[in-house]
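# Understanding the architecture of this molecule
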Number of protein chains: 4
Amino acid sequence: MAPNQPALAPELRTPAPNQGNIVARFIDVRAYTEQLAAPLSAEDQTVQSMPDVSPTKWHRAHTTWFFETFLLQPNLAGYEPFHPQYRYLFNSYYEAVGDRHPRSERGLLSRPGIAEIASYRRHVDEGMLELLGRPLPPAVEGLVELGLHHEQQHQELLLMDIKHVLWSNPLLPAYVDSPASFRGDGDAARWITHRGGTVEIGHDGDGFAFDNETPRHTVYLQPFAVSERPVSCGDWLAFIDDGGYARPDLWLSDGWAAVRSEHWEAPSYWLRDGDCWQVFTLGGVRAVDAAEPVCHISYYEADAYARWAGQRLPTEAEWETIRAIHRPEVFGDVWEWTASAYLPYPGFHPAAGAVGEYNGKFMVNQHVLRGGSIATPSGHTRPTYRNFFPPGARWPFTGLRLARDI
Amino acid sequence: MAPNQPALAPELRTPAPNQGNIVARFIDVRAYTEQLAAPLSAEDQTVQSMPDVSPTKWHRAHTTWFFETFLLQPNLAGYEPFHPQYRYLFNSYYEAVGDRHPRSERGLLSRPGIAEIASYRRHVDEGMLELLGRPLPPAVEGLVELGLHHEQQHQELLLMDIKHVLWSNPLLPAYVDSPASFRGDGDAARWITHRGGTVEIGHDGDGFAFDNETPRHTVYLQPFAVSERPVSCGDWLAFIDDGGYARPDLWLSDGWAAVRSEHWEAPSYWLRDGDCWQVFTLGGVRAVDAAEPVCHISYYEADAYARWAGQRLPTEAEWETIRAIHRPEVFGDVWEWTASAYLPYPGFHPAAGAVGEYNGKFMVNQHVLRGGSIATPSGHTRPTYRNFFPPGARWPFTGLRLARDI
Amino acid sequence: MAPNQPALAPELRTPAPNQGNIVARFIDVRAYTEQLAAPLSAEDQTVQSMPDVSPTKWHRAHTTWFFETFLLQPNLAGYEPFHPQYRYLFNSYYEAVGDRHPRSERGLLSRPGIAEIASYRRHVDEGMLELLGRPLPPAVEGLVELGLHHEQQHQELLLMDIKHVLWSNPLLPAYVDSPASFRGDGDAARWITHRGGTVEIGHDGDGFAFDNETPRHTVYLQPFAVSERPVSCGDWLAFIDDGGYARPDLWLSDGWAAVRSEHWEAPSYWLRDGDCWQVFTLGGVRAVDAAEPVCHISYYEADAYARWAGQRLPTEAEWETIRAIHRPEVFGDVWEWTASAYLPYPGFHPAAGAVGEYNGKFMVNQHVLRGGSIATPSGHTRPTYRNFFPPGARWPFTGLRLARDI
Amino acid sequence: MAPNQPALAPELRTPAPNQGNIVARFIDVRAYTEQLAAPLSAEDQTVQSMPDVSPTKWHRAHTTWFFETFLLQPNLAGYEPFHPQYRYLFNSYYEAVGDRHPRSERGLLSRPGIAEIASYRRHVDEGMLELLGRPLPPAVEGLVELGLHHEQQHQELLLMDIKHVLWSNPLLPAYVDSPASFRGDGDAARWITHRGGTVEIGHDGDGFAFDNETPRHTVYLQPFAVSERPVSCGDWLAFIDDGGYARPDLWLSDGWAAVRSEHWEAPSYWLRDGDCWQVFTLGGVRAVDAAEPVCHISYYEADAYARWAGQRLPTEAEWETIRAIHRPEVFGDVWEWTASAYLPYPGFHPAAGAVGEYNGKFMVNQHVLRGGSIATPSGHTRPTYRNFFPPGARWPFTGLRLARDI
């Protein structure tokens, strides 16, 4: 997230975790999770509004489980697991760790309650601080880094998920009183051009990166241009007004099926209000602002919009190339769908051990998103960062940026 | 519930609500609901473990809604509803009251939280005490009675539902430390005989009854006998050991389909433990006691058991006839499935107004149960009381008693 | 079906099977099935339009399987089954016979084709004629009778099912050119009264009856009246025009759920045509005739209509009592839903052996229908005959007759 | 299909459609469809065994509809459509043509029967021959070409689909007596290497190609090797024996979910026979031949196998590069899954008009397959040909070829 970007809420911000030593970063990241959960009641933290969503308290426990399972149990002699069944309850998807509670039933767990989960976090934090006080082999230190980045990802998931939970309640309660406001001027978009040819993309090994960002490799690009700003709500209103949600010729076949079966007629969280549109945000319901980037759209909608606009989505290689050479302030309000399916880079090898399941096994049926959103923790992303979701997902903070051939 | 019957937990018992004046009864019944909810955390009270189950806090709110909607709003001038959307949120199934929140999504409501629901209850209680302090027309007084019996029904539902919620958690937490224990001697059952002929069943109008218990009317019975005790867990173990759950010839066709698709091999809440069986109760997991009545079985299982035993289930007319002439202590540990489909009595007319939806509209696809259970509030039932559930339901406190032709 | 009743189509009628000797009846009944299938192409006979429907060729094969399995294999020494896998393919629901092809996948069987099924029928007919040429013990003769009545039931099912198959095709093809026309004068209904008291119902053992019609037994009736004619389409149009399908207060809860989820707004097979209604029949699409009995309604609709009319449905005991004392011509156009759930009569015992699965195991979740329809083979029914379907079924030839207390 | 390749069955082969003039090719292609349908009964041609499968007679009608809709109606003055509702019934997915019969209900259409569909084909063939006898603008001629290639695609679909239909029948009937046999020697695979760098892929415009094969464009490859032969059944047996279907670490997450929910333990159409495996083919059931290419596997299985073998799947660019420089005989027995998601080539524009829906709108949620199979009509494919299916599809004739980095 760019330094001058308005945050989710000023009081919820932390320093970037890549600065300072690892102990300080550990404390900061762990504290920020608790800060994000603090406005939520015990009831709020328990509900799972759809299978893709996890309860807040589950996020708090699972991120803790990650440190307990991958750091403390193998590396801290004498460490006592907090509870014998948490290994099962809070395993997300690691087959190598063993069986786990079904994902779609996370909302059935009234126990452990939020107080017990706070104790769990403190117990593991104490173990971790003990461990971090010792000299650690690089592989172990790498896992700590991974755990922190993992927790940051769940910080954004926590916000995505609680937004959906609150939205599922007819009372439409707000998460915070002072919602984030997006930047954006709504001016006509300018285009950033590139003459194509071979470029390098992927992480170069300097600093932390997920395994899916590697190896750095050469790709060949045709000449192209990318818009300097993401598509705005004002742009999107023109798409709606032009019948964008009613014209099958604009849509991929699977996208059109989703429009019909899910009754889409606007981005998720939009509410029709006579001739206007309101939007549900973490700060409650307010009018749609034409100047802000459109958010909470699926890949299908991004693709249909681009077709309607006579343009296309950028590939992730195009995006990364432009991102690397342009001023960073124009990225980071919304995750931007790319035209690229989420696939391994040439020469990709997943990380060794159970954490090899972190990214690689999801490389099918998803599309890559680039950038970051107002819900992304400060300092978490990089130009090479590859986020990914299935093409029908709308609950992440997703928008789009146009591209075209030149 | 019989006077000498061990209660759910001594501290949770109230005096029978039919004694004393209506104000005292109102206070007692309302307090007992809160007493039942008291051991449960905010998280416990929020979870809905299947569509048939309602969260504890929903029961607390809906019983309050009943008084607000049917008593205070029409009869207490100047009464201010506690919250404008509660009419929608906490309507269970009254079409005449208007739209309502979908039943299967009650578990998505993190708000209102338990504190706000406690305030809602106090607000309505104050209004009710004001109303009850005035002279009331008999129709209004009848609605207050109905509201109290309604709340008592939800007290049992609350216990049924939270048992299922806790059971859905791999930690299998207990609701209370001191579980109820059933009576039962496990002796060979004695038979109570009746020579048949015309009898009268249904409520005679003396004291409160639901509309579905009326009118009192004549039915003709063939000679029959009914067992003096319900079927015990020991009896049921013999059924299991004889392959009862593996022999399609014992089952109704729909029952056998349920055995296969639901993988039934014992009553609900039973857990295989090597060669023995454990059972999950509101007091946690303990060994099955052969002497206690079997509980948490579907109509399909009751019917299959009776066929296996060479007997049958009693009709509700047979049951009521025997109940009326026999000592009451042998009834009330478990609700007893009868052979009778839940249908209107000859000449039945539902109560006038919206509360006419209370019973009548459910008279299809269900079977009648008679008696009462350890979770039924003291004094709530009568010999003419007709409980009802779909034939596949297992989460109520359901058992059976055998009958036969003579 | 009454003697003077217009048949489905004159050329499709057979003499009543209860007349003449058993060989002649066997030949007639078997021939009539083939006569019913004759207008249908190989493609028509193969399609299964919903799980409840069976393909025509499956009916032809299954009725044959009944004779092969229950008569020829146990009783005709040296009989060679036509095909080793037909025992599996054409078993409907007899657990005692073994596994079977799933009901919902009957439409996946392109083989055996209709020619092979015709051979199968001839093969079994030859065996049966050989068997019937010998002196048979009464139990075996009873099974032959059962097989013939079974085949007659499937003759009506064949017509019900093919009607649904053809209806599922946007071309709406007709089964025959000369459709049946119903009797009915549309006059105001007269009422047949009865003073109540004890009556006897059930089969008295003279002639064939299914096990579910026995034993004959006493029931007690309150005074009542039954309409002399079934409800007509004209009556039903008034119900529709009065918002019958839009008023939840008229409906059972499960019925209203079906209205909403299935989008009911008229009987099945009705087609809105501007301000009028057309109806799809076995003879194609024609205008609804106000004078004819309404047909293809569910129990839920029958019950809602009766409530709208300020009346109720008769119980099966009332129906049978009136039927037994009234002129028979007024019964038989449509199966009439009764208020009675399908349950065993007091003292009921299913027939011995595998055919004990014929009726008894379906005695839950269904309602009794009485009478017969234009699709019922001549002579097949009796005043004591108990037909049954789940309350949501609309593809049988179902109507209703009103009753009321007096 | 390579010239020296053993065909599906010798009597079912046609000359390659790209030879000779368009009239001759039209006659040949249309005749071959009828030849493929000829062994099938009316019943066989009617069944739809799953939503992805279409009945044989539907393929015969839809390919005819293509010519009627896109060629005859716009271009042959005075042409009378064969039937007014066929435009609706036999539209597959062309939104621009209007509404259509639901895909999953194609098996409900008993009418039109196979004789009427044969008449439909003759009627359209006559119109087409009249049209083809005239001078045609290039755009129209291009549509005729497209229609012929479209019909060839459906020839393979017809075989894929009828195989699944026959497999759904417990009798496991054969389509033909003389099944195809695959080539394959089962020798250790040799590797074809490539040093990488920029290459060109996509169709160069010489001869027919689908729009999805264009434009030809530059891509950058890392050095790689591709196996000279596809993976054989012998190879696959080693994978099975090594627990390939029981080790989650080998699978993509969505793939492992499919293994569990679909109970995969071998390729589709394989049947366990004690310690051996049989396979259902269009010629009936026979032993699995270790030397033949494995067939009827999903992308998930191909990917898991490659991981188990320590290799990977080739990208479509790698595949096409090797195919273009290697002897063609080693391609064409099975469609080969590639690592590439099905996405538009840089600069892709769909064809103009309704036929623009042919390929482009499916470019999401699918993976590219290259090569061709024994069911592919002779001469239909090209090195640039892009076939595509969802990653879980197993009913196409799908196999794999390994690749690796060097």
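We now turn to the structure provided with this report. All of these numbers come straight from a predicted model, not from anything done at the bench. (Residues numbered from 1 in each chain as written. Chains lettered and ligands numbered in written order. Predicted model: local features only at pLDDT ≥ 70, side-chain atom pairs only at ≥ 80, totals over all residues. Heavy atoms only, no water.)

Right, let's get into the relation of the copies chain C and chain D. Turning chain C through 180° and shifting it by 0.0 Å along the axis lays it on chain D, with an RMSD of 0.0 Å. In the structure described here, the two chain copies are related by an operation that fits a two-fold rotation axis. Across chain C, the smallest distance between a C-alpha and the rotation axis is recorded for E43(C), namely 2.7 Å. Of the interface residues in chain C, 100% have counterparts in chain D that sit at the interface too, so the contact is made through matching surfaces. (Least-squares fit on C-alpha atoms with pLDDT ≥ 70 in both. Contact = heavy atoms within 4.5 Å.)

In this section: the interface of chain C and chain D. Contact with chain C, which involves 29 residues of that partner, is made by 29 residues of chain D. Between chain C and chain D the total buried area reaches about 2,300 Å² when both faces are included, carbon and sulfur atoms providing 59% of it. At the junction of chain C with chain D, the criterion picks out two salt bridges. At the junction of chain C with chain D, the criterion picks out ten residue pairs in polar contact (both at pLDDT 80 or more). Taken together, the residues of the side of chain C that touches chain D break down into 14 nonpolar, eleven polar and four charged. (Buried area = accessible area lost by both parts, 1.4 Å probe. Salt bridge = Lys/Arg side-chain N within 4 Å of Asp/Glu carboxyl O. Polar contact = N/O pair within 3.5 Å; in protein donor to acceptor, adjacent residues only side chain to side chain. Nonpolar A, V, L, I, M, F, W, Y, C, P; charged D, E, K, R; others polar.)

Once their charged atoms are close, side chains differing in charge can pair, the charge on each being opposite to the other. Within this structure, the stated rule accounts for 104 salt bridges over all chains. Residue E320(B) pairs with R370(B) through a salt bridge whose shortest N-O separation is 2.9 Å. With a gap of 50 residues between them, E320(B) in helix α9 (residues 316–325) and R370(B) in strand β9 (residues 367–370) connect regions that are remote in the sequence. Look at R370(B) and you get buried, because its relative accessible area is 0%. Between E316(C) and R370(C) there is a salt bridge, with its nearest N and O atoms 2.8 Å apart. Highlighted residues: E316(C) in helix α9 (residues 316–325) and R370(C) in strand β9 (residues 367–370), separated in sequence by 54 residues. A relative accessible area of 6% means that E316(C) is categorised as buried. Connected through salt bridges with shared partners, the residues R30(A), E34(A), R60(A), R121(A), D125(A) and E151(A) form a single ionic network. (Helix = DSSP H or I, 4+ residues; strand = E, 2+ residues; numbered from the N terminus. Buried < 20%, exposed > 50% of the residue type's maximum accessible area, 1.4 Å probe, protein only.)

Residue and element names in this part refer to chain C. The three strands are arranged β5-β6-β7 in an open sheet whose pairing can be described as antiparallel. Where the open sheet ends on each side, the last strands, each with one partner, are β5 (270–273) and β7 (284–287). Going from strand to strand, the sheet's axes swing by 30° on average, the running direction of each strand aside. One ladder, built from four bridges, connects β5 with strand β6 (residues 276–281); its direction is antiparallel. Pairing of L271 across the sheet is with Q278, part of β6. (Pairing = 2+ DSSP bridges. Axes fitted to C-alpha atoms, helices over the stretch in contact; angles between N-to-C directions.)

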